[in-house]
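Listed below are the residues making up each chain.
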Amino acid sequence: RGQPALLGILDEMRREAWADGVIAGQALRTLGLAPEGGVVAAVNMARQTYANPHGIAGRRWVVAEEGKPVPVGSGQHGGWGTDETRPFLMLNDDAGSVGARRTASSLVDIAPTIAAFVGLSMDGFDGAPL
C-alpha cells in the first residue's frame, strides 16, 4: 500500500546527504534484488570522510529507528558501496583448493556460497554462490 508514496519521494531522498544512491524498479536487478519480491527501492548509505575516534576515516551513515538507541559499532548491510561489495569469506576445503574472487559481490552472496559449499539447496536465497 505504501509503494506509490515511497516512489513519490525517491527523488527527494536522492538529494539527502546520507544517501549515496537510491534505485528502484528493474534497476534493483543490477544488485541481485528481485523487485517482484516486495522490494520497492534500495538506498546506499553515504560515506562520511571524517575519522572515527580511532583515527580511521570512512564512516557510513547509519539507519536507525526513532526512539531506539544505535549501539556503538553497529553496522549496516545491503548497500552497494565498497564496504558492502567486498565482503570476505574463508572456507576450509579438504580438497586443498585455493582461490580468490576479485569481482564485485554482495553480502547476500555469502549464505548461498556456504549452502553450495556444504551441498545444501540454494532455493530462496537472494544472492548467488561465489
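Look up a bit, the structure's there.
Computed from a prediction, not measured in an experiment: that's the story for all the values here. (Residues numbered from 1 in each chain as written. Predicted model: local features only at pLDDT ≥ 70, side-chain atom pairs only at ≥ 80, totals over all residues. Heavy atoms only, no water.)

A. Examining the side chain of Thr113 more closely. Among the structural elements, Thr113 can be located in helix H3 (residues 110-117). Within the local environment of Thr113, its side chain forms a polar contact with the backbone nitrogen of Leu130, the two atoms lying 2.8 Å apart. (Helix = DSSP H or I, 4+ residues; strand = E, 2+ residues; numbered from the N terminus. Polar contact = N/O pair within 3.5 Å; in protein donor to acceptor, adjacent residues only side chain to side chain.)

B. Layout of the pattern of salt bridges. On inspection of all chains with the given rule, the structure shows 1 salt bridge. Of the charged contacts, one joins Asp11 and Arg14 as a salt bridge, the two residues approaching to 2.7 Å between their closest N and O atoms. Taken together, the residues Asp11 and Arg14, both in helix H1 (residues 3-14) and 3 residues apart, mark about one turn of the helix. Accessibility expressed as a relative area gives 37% for Arg14, which makes it partly exposed. (Salt bridge = Lys/Arg side-chain N within 4 Å of Asp/Glu carboxyl O. Buried < 20%, exposed > 50% of the residue type's maximum accessible area, 1.4 Å probe, protein only.)

C. How the structure looks around the environment of Ala57. When you line up the elements, Ala57 lands in strand S4 (residues 57-60). Distance from Ala57 to Arg47, taken between C-alpha atoms, is 9.4 Å for residues 10 residues apart in sequence. If we ignore the near neighbours within four places in the chain, the residues touching Ala57 are Arg47, Thr49, Tyr50 and Ala51. (Contact = heavy atoms within 4.5 Å.)

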